[in-house]
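Here is what each chain is made of, one letter per residue.
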Amino acid sequence: MKKETVALVLNLVFFGGLFYLFKITIGTYMPMAYVPLIALSAVFASILSPKFLVQEGDLYVKFPLVRKPFKF
């Protein structure tokens, strides 16, 4: 698989996992309507999920609140 494809799949998997985790957690502790629950979960997941990127043929991961990306 190309590194760009691996980065895209990893971004989608981590975002999806965190989205589901936030949706279940927020929905359990703070009952609210479905649309605000989905929107809030998406915002939290997009902010806190690690970002995978390809730069000069190498795969890097950027964690939230960390300035420098790490080689993966």
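Chemist: Teacher, can you tell me more about the overall build of the chain here?
Modeler: Helix and strand content of the chain: two helices and three strands. Taken from the N to the C terminus, the helices and strands of the chain come in the order α-α-β-β-β. By the compact-globule yardstick of 11 Å for 72 residues, the chain is too spread out, its C-alpha radius of gyration being 14 Å. For the chain, the spread of C-alpha atoms along the principal axes amounts to about 45 × 25 × 15 Å. Sorting the 72 residues of the chain into buried and exposed places 19% on the buried side. Taking the contacts inside the chain whose residues are at least 6 apart along the sequence as the reference set, 36% of them involve residues at least 24 apart. As displayed, the chain has an accessible area near 5400 Å², and 72% of this comes from carbon and sulfur atoms.

Chemist: Sorry, what's going on with the sheet that holds strand β2 (residues 58-62) here?
Modeler: Hydrogen bonds between backbone atoms are what pair the strands of a sheet, whose relative direction is either parallel or antiparallel. Read from one edge to the other, the open sheet built from three strands follows the order β1-β2-β3, with strand pairing classed as antiparallel. With partners counted over all chains shown, the strands left at the sheet margins are β1 (51-55) and β3 (70-71), one partner each. Alignment of β1 against β2, held across five bridges, turns out to be antiparallel. Bridge pairing in β2 places Lys 51 opposite Lys 62. Packing of helix α1 (residues 3-29) onto the sheet brings it into contact with β1 and β2, and relative to β1 it is tilted by some 170°.

Analysis parameters
- Residues numbered from 1 in each chain as written.
- Predicted model: local features only at pLDDT ≥ 70, side-chain atom pairs only at ≥ 80, totals over all residues.
- Heavy atoms only, no water.
- Helix = DSSP H or I, 4+ residues; strand = E, 2+ residues; numbered from the N terminus.
- Rg over C-alpha atoms; globule rule 2.2 N^0.38 Å.
- Buried < 20%, exposed > 50% of the residue type's maximum accessible area, 1.4 Å probe, protein only.
- Contact = heavy atoms within 4.5 Å.
- Areas by Shrake-Rupley, 256 points an atom, 1.4 Å probe, with all protein chains shown as cover.
- Pairing = 2+ DSSP bridges.
- Axes fitted to C-alpha atoms, helices over the stretch in contact; angles between N-to-C directions.

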